[in-house]
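Listed below, chain by chain, are the residues.
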Amino acid sequence: MKTVILSPQSDKTAMQTAATLIKAGEVVGMPTETVYGLAANALNGAAVEKIFRAKGRPQDNPLIVHIADFQQIYDLCPHVPDSAARLAEAFWPGPLTMIVPKGDCIPNEVSCGLDTVGIRLPSHPMARELIRAAGVPLAAPSANTSGRPSTTTAEHVLNDMDGKIAAILDGGACGVGVESTVVSLAGEKPRLLRPGGITLEQLETVLGEVEVDRALYEKISDDTRVSAPGMKYRHYAPKAPVTAVRGAPAESAAYILAHAARADGVLCFDECAAAFAGLFVVSFGRSDDLPTQAREVFDALRAFDETDVHTIWAQCPSDEGLGLAVSNRIKKAAGFHIIEL
Ligand code: TXA
Ligand code: MG
């Protein structure tokens with residue numbers, strides 16, 4: 001299959017072509033404000049299966065369904081909890097996915113045997129336009145090969161998906177850079193399953209106390225039942241092994257300098273980059289600039305794959321605000337191999 005790049009900025013027919021492909025049951029790379037997604041008609045099980053094949057995604061890992069207007073949630077979910085309406089009012093459109101009880105129209109290919117479904121209303125105009133033009137909700141996981149860092153540019157998507165999907169809508173670089181926050185509203189208490197663009201602190205302003213899933217902090221073995229199946233798999237991983245180092249920036253920089261070998265690479269805060277002269281260095285924002293770190297972290301992790309570094313040492317922010325999402329991606333890239341200083 002030839003993968004076509006469609007550029008709505010310069011080609012007026014691009015969006016319609018993408019929508020036609022979706023209606024025909026094909027998979028299209030779609031920009032969102034978080035990361036690129038691999039989109040297919042969420043109501044067509046055979047189309048959704050193609051997403052799993054293109055990604056090499058484990059069959060027990062359910063997909064998020066993207067809608068363009070809040071009212072669409074009532075078509076997909078028989079009992080929308082009050083909390084969902086309140087969260088939507090505060091944070092939709094935006095980088096938040098809510099897990100709610102699923103309706104019968106959701107095929108098993110999307111929900112993978114669960115009785116819940118994740119719903120998200122993205123803020124990216126091209127994502128919403130594609131959903132509207134296709135006339136159906138879109139199932140879309142992040143547009144990376146399973147296990148690899150997520151994709152934040154059309155070029156990243158092409159690197160992983162060339163020849164495997166029909167087309168990629170090019171919307172430029174994603175603004176948030178880490179995936180949506182996933183919160184479950186299907187249990188007794190709201191539970192954070194994945195930190196993302198909407199912070200835990202923001203969720204708590206609307207929901208009160210939110211439980212935090214232990215998979216955020218520790219490695220989950222493959223045979224454990226977890227709330228979000230995606231959390232147990234090796235994730236976001238460049239080819240070289242990663243060691244995450246947590247602590248004040250000056251301390252983590254000193255630790256890495258003392259331990260790194262000459263063939264190693266370093267993922268570091270901007271102000272620490274000069275200290276690592278001689279090593280392969282990728283910086284991903286100042287230590288006090290979490291939005292930049294979120295926007296850059298996946299591109300930075302991918303950059304190491306163009307090199308033959310042996311080990312990647314990564315500085316890691318603390319868990320406040322957006323730092324929880326950034327550090328979670330780095331810890332997972334490291335397979336939870338973490339040095340706490
Ligand atoms: O920002 C995002 O959320 C991006 C863009 C494309 O929208 N999508 C994304 O999808 O990150 P994905 O499939 O890479 O991650 C979805 C996560 C997985 O960890 C999955 O296990 C979890 O959400 N998930 C999906 N449906 C679920 C459900 N019904 N119950 C629990 N977890 C669920
Ligand atoms: Mg993903």
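Each value, and the rule that gives it
- Residues numbered from 1 in each chain as written.
- Chains lettered and ligands numbered in written order.
- Predicted model: local features only at pLDDT ≥ 70, side-chain atom pairs only at ≥ 80, totals over all residues.
- Heavy atoms only, no water.
- Phe/Tyr/Trp six-rings, centres within 6.5 Å; stacked < 30°, edge-to-face > 60°.
- Helix = DSSP H or I, 4+ residues; strand = E, 2+ residues; numbered from the N terminus.
- Buried < 20%, exposed > 50% of the residue type's maximum accessible area, 1.4 Å probe, protein only.
- Lys NZ or Arg CZ within 6 Å of the ring centre and 35° of its normal.
- Pairing = 2+ DSSP bridges.
- Axes fitted to C-alpha atoms, helices over the stretch in contact; angles between N-to-C directions.
- Parallel < 35°, antiparallel > 145°, perpendicular 65-115°, else oblique.
- Left-handed = near helix turned anticlockwise from the far one by under 90°.
- Contact = heavy atoms within 4.5 Å.
- Nonpolar A, V, L, I, M, F, W, Y, C, P; charged D, E, K, R; others polar.

**Comments concerning the packing of aromatic side chains**
Phase 1 of the analysis: Across all of its chains, the model carries 6 aromatic pairs by this definition.
Phase 2 of the analysis: Ring centres 5.6 Å apart and planes at 20° place the aromatic pair Phe 269 and Phe 284 in the stacked group. Of this pair, Phe 269 sits in the loop between β13 (265-268) and β14 (280-283) while Phe 284 sits in the loop between β14 and α10 (290-303), and the two are 15 residues apart along the sequence.
Phase 3 of the analysis: A residue is classified by how much of its surface remains accessible, and Phe 269, at 2% relative accessible area, is buried.
Phase 4 of the analysis: Site record: aromatic cluster; members linked through ring pairs are Phe 70, Tyr 74 and Trp 92.
Phase 5 of the analysis: The ring of Phe 52 has Arg 57 sitting right over it, with the charged end atom 6.0 Å from the ring centre.

**Some details on the sheet that holds β14**
Phase 1 of the analysis: Taken in spatial order, the 5 strands make up an open sheet running β14-β13-β15-β12-β16, and their pairing is parallel. A strand with exactly one partner marks an edge of an open sheet, and here the two such strands are β14 and β16 (338-340). Here the average twist between neighbouring strands, direction ignored, is 20°.
Phase 2 of the analysis: Pairing geometry for strand β12 (residues 242-246) and strand β15 (residues 312-316), over 5 bridges, is parallel. Across the sheet, Ala 244 pairs through a bridge with Ala 314, a residue of β15.

**Here we look at the packing of helix α4 (residues 82-91) against helix α8 (residues 200-207)**
Phase 1 of the analysis: Where α4 meets α8, the closest approach of the two axes is 10 Å, and the angle between their N-to-C directions is 125°. Looking at the two axes, α4 sits oblique to α8. As α4 packs across α8, the resulting crossing turns out to be right-handed. Where α4 approaches α8, its residues Ser 83, Arg 86, Leu 87, Ala 90 and Phe 91 are matched on the opposing element by Gln 202, Leu 203, Thr 205, Val 206 and Leu 207.
Phase 2 of the analysis: Counted by class, the contact of α4 with α8 contains 6 nonpolar, 3 polar and 1 charged residues.

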